[in-house]
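Understanding the architecture of this molecule
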Amino acid sequence: MNDDTATPEAADAGNELGRRGFLKLAVGAVGACYAAAIGYPVYKYLASPAEAAAAMSAVKEVSLKDADRIPAGTALMFKFGTRPAMLIHHADNTWVAFDAVCTHLGCTVQFDPAKGHISCACHGGEYDPTTGRNIGGPPPRPLRSFVVKVETGAVLVSRA
Amino acid sequence: MNNRPTSFYAWMDTRLGLSDVLAFAKKKTVPQHRHSFWYYWGGISLFLFLLQAVTGILLLVYYRPGPEAYESVRQITYQIQFGWLVRSAHSWSGNLMLVAIFVHMFSVFFMKAYRTPREFGWWTGLALLLLTMVFGFSGYLLPMNELAFFATKVGLEIPGSLPLIGESISNLVRGGPEVSEYTVQRFFALHVVVLPALFIPLLGLHLWLVQKHGNAVPPSEEAKPAAARRTVPFFPNFVMKDLAMWLIALNVLAVLAAMFPWDLGNQADLLKPAPAGIHPEWYFMSSFQVLKLFGAWFPGAVGEGAGIVLFTLGLVLWFLLPLYDSSSASGQRARRATWFGFLALGVLLVTTIWGYANL
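Quick summary incoming for the structure in this document. (Residues numbered from 1 in each chain as written. Chains lettered and ligands numbered in written order. Predicted model: local features only at pLDDT ≥ 70, side-chain atom pairs only at ≥ 80, totals over all residues. Heavy atoms only, no water.)

1. Comments concerning the state of the cysteines
Residues and elements named next belong to chain A. This model, assessed by the stated rule, comprises one disulfide over all chains. Paired by a disulfide, Cys 107 and Cys 122 hold their sulfur atoms 2.0 Å apart. Handedness here is read from the sign of the S-S torsion; for Cys 107 and Cys 122, about -95°, the answer is left-handed. Placement of Cys 107 in the loop between β4 (95-99) and β5 (110-112) and of Cys 122 in the loop between β6 (117-120) and β7 (125-127) is noted, with a sequence separation of 15 residues between them. (Disulfide = S-S within 2.5 Å. Helix = DSSP H or I, 4+ residues; strand = E, 2+ residues; numbered from the N terminus.)

2. Quick word on the nonpolar core
Residues and elements named next belong to chain B. In this structure, Ile 44, Met 105, Trp 122, Leu 129, Phe 199 and Trp 318 are the most contacted members of the largest nonpolar core, which totals 51 residues. Every element with two or more residues in this core is listed here: α3 (40-60), α5 (83-110), α6 (119-141), α9 (181-213), α11 (234-259), α13 (300-324) and α15 (335-357). Per-element tally for this core: the top contributor is α5, with 12 residues. Counting 24 residues, the second largest nonpolar core, distinct from the first, contains Tyr 63, Tyr 70, Val 179 and Phe 188. (Core = buried A, V, L, I, M, F, W, Y, C linked by side-chain atoms within 4.5 Å. Buried < 20%, exposed > 50% of the residue type's maximum accessible area, 1.4 Å probe, protein only.)

3. What to know about the interface of chain A and chain B
Bring the parts together and some accessible area is lost; that lost area is often taken as the interface size. Contact residues are listed per partner, giving 11 residues for chain A and 14 residues for chain B. Summed over both sides, the interface of chain A with chain B buries roughly 1,000 Å², with 68% coming from carbon and sulfur. Linking chain A with chain B are zero salt bridges. On the surface where chain A and chain B come into contact, there are six residue pairs in polar contact (both at pLDDT 80 or more). (Contact = heavy atoms within 4.5 Å. Buried area = accessible area lost by both parts, 1.4 Å probe. Salt bridge = Lys/Arg side-chain N within 4 Å of Asp/Glu carboxyl O. Polar contact = N/O pair within 3.5 Å; in protein donor to acceptor, adjacent residues only side chain to side chain.)

4. Focus on the pairing of strand β3 (residues 83-89) of chain A
Successive side chains on a regular strand alternate, one facing one side of the sheet and the next facing the other. Residues and elements named next belong to chain A. For β3, the tally of buried residues reaches five of seven residues, placing the bulk of the element in the interior. Pairing of strand β2 (residues 74-80) with β3, which is carried by seven bridges, proceeds in the antiparallel orientation. Paired with Met 77 across the strands is Met 86, a residue of β3. By the bridge criterion, five bridges tie β3 to β4 in an arrangement that is antiparallel. Looking across to β4, one finds that Ala 85 is bridged to Asp 99. Hairpin connection of β3 to β4: five residues between the antiparallel strands, including Asn 93 at a positive phi of 70°. (Pairing = 2+ DSSP bridges.)

5. Some details on a nonpolar patch on the surface
Among the surface-exposed residues, Val 316, Leu 317, Phe 319, Leu 320, Leu 323 and Tyr 324 of chain B lie close enough to one another that they form a single nonpolar patch of about 510 Å² accessible area. One can find Leu 323 of chain B in helix α13. (Patch = residues over 30% accessible without salt bridge, like charges linked within 9 Å, V, L, I, M, F, W, Y side chains within 5 Å. Areas by Shrake-Rupley, 256 points an atom, 1.4 Å probe, with all protein chains shown as cover.)

6. A few points about the environment of Gln 185 of chain B
Residue and element names in this part refer to chain B. Relative to the assigned elements, Gln 185 resides in helix α9. Among the residues examined, Gln 185 registers a relative accessible area of 40% and is labelled partly exposed. Between the alpha carbons of Gln 185 and Leu 142 there is a distance of 8.4 Å; along the sequence they are 43 residues apart. Apart from residues lying up to four places away in sequence, Gln 185 is in contact with Pro 65 and Gly 66.

7. Focus: the packing of aromatic side chains
Residues and elements named next belong to chain B. Within this structure, the stated rule accounts for 33 aromatic pairs over all chains. With 6.4 Å between their ring centres and 25° between their planes, Phe 106 and Phe 110 make a pair best called stacked. Placement of both Phe 106 and Phe 110 in helix α5 is noted, with a separation of four residues, approximately one turn of the helix. Looking at Phe 110, the relative accessible area reads 29%, which means it is partly exposed. Ring geometry for Tyr 283 against Phe 284: centres 4.9 Å apart, planes inclined by 55°, an arrangement best described as tilted. An aromatic cluster of three or more residues is present, and its members are Phe 106, Phe 109, Phe 110, Tyr 114, Trp 122, Trp 318, Trp 339, Phe 340 and Phe 342. (Phe/Tyr/Trp six-rings, centres within 6.5 Å; stacked < 30°, edge-to-face > 60°.)

8. Observations concerning α9 of chain B
The α-helix advances 3.6 residues per turn, and as a result positions three or four apart in sequence lie on the same side. Residue and element names in this part refer to chain B. The first and last C-alpha atoms of α9 sit 46 Å apart over 33 residues, in line with the 48 Å expected at 1.5 Å per residue. Listing the buried residues of α9 in full gives Thr 183, Val 184, Phe 187, Phe 188, His 191, Leu 195, Pro 196, Phe 199, Leu 203, His 206 and Leu 209. After α9 finishes, the residue Gly 214 shows a positive phi value of roughly 75°. (Expected span 1.5 Å × (residues − 1).)

Take a look at the structure:
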């Protein structure tokens, strides 16, 4: 690569420019090494919490202790990895769990048993509380749903 | 390839006047003589200050003052990737900055660069040194480990020993009768807001004065006829050499910070006795030893009072130097001022070494 850049200049104006070109390249290369040696630690330093969170959100299953006792017709907010999620115990004794982040612009949604849907206060998004399907307002996609397994003393929530 | 950068430069130049700055920098010269080496130390101090700012801002991203101070520094040191390195670089560059400022100050002293019209250069420089020491003292507490706790405790006993107002000054600085989370919180405010707000404008004035009056030459150079004095252009010659010195400083810092990572120590505990061999940082060692000696020579608070008075008097004399060093003002060698400089340097070195030997 040195030769490629140095040769045309050397041909143009003799040895002097070739040497100068080489020097410029060498200074540039050393400068790039310094920039990398400083930039990499600084990047890793600043990215540390994001990387730790990525490791945390790699969880496959969450066990919610005593969640089997929440009354029918109510919801329980919990963390799946680092994200908010929602476990709903419906009045007909069915159980569902959804990612509680609105697919529109990321606000946390809430279960509204009176109106019979999941709603987002930010921009009026609405979801079906049994399937997570987007049924009103701006959300473009349904809420991601989890697999729910109710046991005595705990509810297991896992990725679908 | 040739056209676009030129026209971009021309576009910027028309709007920002870059050529004027460049023409000025090329016209400006720096004296060249056998003591020129000492001209780089102000620049090195400046570079280390810039590193302090950068690494300080990085630490600010994770540091939490108050009751969680130690825990947050523990996280920075052991959990955040390269956090140990950022912290180590901040501590080491702070220490190196003080070394560079001391070298700069004594070189200015022995080159008699404080003479008319450069008095304010001397005064702003001394003020910057004192602020740097307060930076050091306040930053030292922030990890809230045992050493920091006792260093701050002892340091604040010194104003506390002043008659009448001493105790209330100490309590005000501490935020209570003991070094606590309140102390950390206010030292943090001092360290990252108050001190930079004072330091940066003062540094601006200091640099402006250097630009305004140019580099001073020592009397030995002044004695030479004008034709025998040599100079180099500020740009690019001096700037390149300056940058080379910065690069050396950066490499020294990188080796120290990576090879000798700054220790975290144990969390401060009010009920734990002071660890054996505890001592202040090297830049307070001299005053520490003087106070210790005076305490041994005179009974009770008299010794400490005498030590404080002596140190303050020395500092005032040092500060007022440009006003009474009249023989060198008229271009003579001013032996008396030189001896005063050697005395000051000698006292600092001897008491510092004595302090370390006594540990």
